[in-house]
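Structure assessment
One letter stands for each residue in the lines below.
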Number of protein chains: 2
Amino acid sequence: MKRIMLWVAYDGTNYHGWQIQPGVETIEGELNKALTQLMKEEIQVTGASRTDTGVHALGNLAVFDTGTNIPPKKVSYALNALLPEDIRIQQSCLVEGDFHPRKTATRKTYCYQIQTGEFPNPLLQRYVHFTYHSLAIEKMKEASTYFLGEHDFKSFCAAGSTAETTVRRIYDLQVEKKQELIEIKVTGNGFLYNMVRIIAGTLMEVGRGKIEPKEIKEIIKALDRTKAGPTAVAKGLTLLDYYFEEYPQWNKKR
Amino acid sequence: MKRIMLWVAYDGTNYHGWQIQPGVETIEGELNKALTQLMKEEIQVTGASRTDTGVHALGNLAVFDTGTNIPPKKVSYALNALLPEDIRIQQSCLVEGDFHPRKTATRKTYCYQIQTGEFPNPLLQRYVHFTYHSLAIEKMKEASTYFLGEHDFKSFCAAGSTAETTVRRIYDLQVEKKQELIEIKVTGNGFLYNMVRIIAGTLMEVGRGKIEPKEIKEIIKALDRTKAGPTAVAKGLTLLDYYFEEYPQWNKKR
């Protein structure tokens, strides 16, 4: 038996998120189905991020064990021939038999995209949150600096989360305007349930002038979900990439 | 009666092109249906470009006549509330009663997008042509210069076209690499049937080394469709914008 890791990109529009559920199409379900067909043995993947319904990914990760003779690096090609067009493996490789992406020290990066303007651009609608409101980008940039470092992010965690600790470290948080788009890119050692979408929703409130940038400090300190802004819609969110310090050969390969 | 013009953006993926046809969904059909409902009178639009199945637009144009009291500039808002999410009016305004976008001197700009790489990016797949082949961008740039100016583009016109003349003027043709994407942007006084897609298909052959850049001159001179490259797939094509010399107030408003 060997363990193979997959870098998985998908348009989440037509899926009920990552996690397998009976009666609906999910990313995990599609991967299991295609791998079971390819390997001619029952395969169940273990994913790194259980993205929600409508959330997209360029580099989510999944591992699985198999007795196959297909060279691990070729699995991506064979699997893409069996998967629907909106799921595409970007890379595959052999990992150690006990390797698990969620149990290895990593950083991951999400991007949240907002389109501002008078009318939605239909070519962007699947991947952005559209708002008629104009957003003050400089205020959003200032607010973003208060998230950096290690904090208890309980105020930015959806109710009902079962996380053991709500402490997380944010390494980088950039707010950038690119023509009609505003991109919020955040890198951390992990994220609580809905955390990136609540950060995005809060930064949009800052952009609209409803929250002052320096209030972010107090919102974090409050440890109270009701103090932060609303959860931004799922479709604007994309899991971009994982970064492994121990495995430099995996980083920026794609 | 007054005549109103619409700037129409759409994701063409789920439509059988612009032109109304029985039994299938088309952009023109959706516009007529929504306008008839909104105006409470039978409305039939006249479009500027009859884009093919799968082709997208940010700024196609349509005019229609109506007795409505809705202020022309507000029609866009009211219409967007009735249209499907993948069609969005970007602007509406009153025009002269005999104005027709196809009969007015204009320039229009198309963009053809290509993704090169090892694996398709599922977040781009609706809007790009994916190719495993690496494309020599400098050769494509050189080739693009030979299209500029007024030429008989018969070699770049699909068979069966009923155009009175195959002479067209290309004002600008840019090939640019933007990370994993190659963008071909072309502005002309009009385009023959499939002309932009044949230009894109030919430039890809240049990028692959199958056609030398300077051969473009001979291909144009040949007036023979079989000398040019293949017609690139529809989904990579987007009609970006119209430019009216006589109506500077319309340009770059959106």
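What counts, and at which threshold
Residues numbered from 1 in each chain as written. Chains lettered and ligands numbered in written order. Predicted model: local features only at pLDDT ≥ 70, side-chain atom pairs only at ≥ 80, totals over all residues. Helix = DSSP H or I, 4+ residues; strand = E, 2+ residues; numbered from the N terminus. Rg over C-alpha atoms; globule rule 2.2 N^0.38 Å. Buried ≥ 20, exposed ≤ 12 C-beta atoms within 10 Å, placed from the backbone. Contact = placed C-beta atoms within 7 Å. Nonpolar A, V, L, I, M, F, W, Y, C, P; charged D, E, K, R; others polar. Least-squares fit on C-alpha atoms with pLDDT ≥ 70 in both. Domains from an automatic or database assignment. Expected span 1.5 Å × (residues − 1). Arc of directions from axis to C-beta. Axes fitted to C-alpha atoms, helices over the stretch in contact; angles between N-to-C directions. Parallel < 35°, antiparallel > 145°, perpendicular 65-115°, else oblique. Left-handed = near helix turned anticlockwise from the far one by under 90°. Pairing = 2+ DSSP bridges.

A word on the overall build of chain A. From N to C terminus, chain A includes five helices and 10 strands. In terms of C-alpha radius of gyration, chain A reaches 19 Å, essentially the compact-globule figure of 18 Å for 254 residues. A burial count over chain A gives 40% of its 254 residues as buried. Considering only residue pairs separated by 6 or more positions, chain A has 70% of its internal contacts joining residues 24 or more positions apart.

This part covers the interface of chain A and chain B. Counting residues at the interface gives 20 residues for chain A and 20 residues for chain B. Elements supplying a minimum of two residues to the side of chain A that touches chain B: β1 (2-10), β3 (56-66), α2 (75-80) and β4 (87-95) of chain A. Counting residues per element, the side of chain A that touches chain B draws most heavily on β4(A), at four residues. Broken down by class, the residue content of the side of chain A that touches chain B amounts to 10 nonpolar, six polar and four charged.

All right, on to the relation of the copies chain A and chain B then. Overlaying chain A on chain B yields an RMSD of 0.0 Å, the required transformation being a rotation through 180° with an accompanying axial translation of 0.0 Å. Expressed as a symmetry operation, the mapping of one chain copy onto the other fits a two-fold axis. Interface overlap between copies is the fraction of interface residues in one copy that are interface residues in the other; for chain A against chain B it reaches 100%, indicating a shared surface.

A word on the domain arrangement of chain A. Residues and elements named next belong to chain A. Domain assignment breaks chain A into domain 1 (2-104) and domain 2 (106-241). A C-alpha centroid distance of 27 Å is found between domain 1 and domain 2. Between domain 1 and domain 2, the contact holds 15 residues from the first and 10 residues from the second.

All names here are of chain A. The end-to-end C-alpha separation of helix α1 (residues 27-39) is 18 Å, in line with the 18 Å expected for 13 residues at 1.5 Å each. If you check which residues of α1 are buried, you get Ile27, Glu28, Leu31, Ala34 and Leu35. For α1, the arc enclosing every buried residue in end-on projection is 135°, short of the 170-degree limit, so these residues lie on one face. Considering only its buried residues, α1 is in contact with β1, β2 (46-47), β3, α2 and β4. Downstream of α1 by one or two residues, Lys40 has phi in the positive range, about 55°.

So, about the packing of helix α3 (residues 137-145) of chain A against helix α4 (residues 195-207) of chain A. All names here are of chain A. Two elements in contact, α3 and α4, have axes whose closest approach is 8 Å; the angle formed by their N-to-C orientations is 135°. Taken together, the axes of α3 and α4 are oblique relative to one another. In this structure, the crossing between α3 and α4 has a hand that is right-handed. Of α4, the residues touching α3 (which contributes Ile137, Lys139, Met140, Ala143 and Ser144) are Leu203, Val206 and Gly207.

On a regular strand, each side chain points to the face opposite its neighbour's, so the side chains alternate between the two faces of the sheet. Residue and element names in this part refer to chain B. Counting buried positions along strand β5 (residues 106-116) gives eight out of 11 residues, so the element sits mostly inside the fold. Looking at chain direction, β5 and strand β10 (residues 237-244) are connected through seven bridges and run antiparallel. Opposite Tyr112, over in β10, you have Leu237 as the bridge partner. Sheet analysis places β5 next to strand β9 (residues 181-188), joined by eight bridges and oriented antiparallel. Residue pairing in the sheet places Ile114 in a bridge with Ile182 of β9. Note: β5 against strand β6 (residues 129-131), three bridges, orientation parallel. Residue pairing in the sheet places Gln115 in a bridge with Phe130 of β6.

All names here are of chain A. Met140, Ala143 and Ser144 are the residues of α3 that are buried. Taken end-on, α3 shows its buried residues confined to a sector of 105°, consistent with a single buried face. Residues of α3 that are buried in the fold lie against β8 (167-178), α4 and α5 (215-222).

In this section: the environment of Glu245(A). Note on placement: Glu245(A) falls in the segment after β10 (237-244). Residues Glu245(A) and Arg107(A), spaced 138 residues apart in sequence, show a C-alpha to C-alpha distance of 8.3 Å.

Now for unusual backbone geometry. Phi at Leu223(A) is positive, roughly 50°, even though this residue is not glycine. With respect to the helices and strands, Leu223(A) occurs in the loop between α5 and β10. Of note, the phi angle at Gln179(B) is positive, near 50°, even though the residue is not glycine. As for its position among the elements, Gln179(B) is in the loop between β8 (167-178) and β9.

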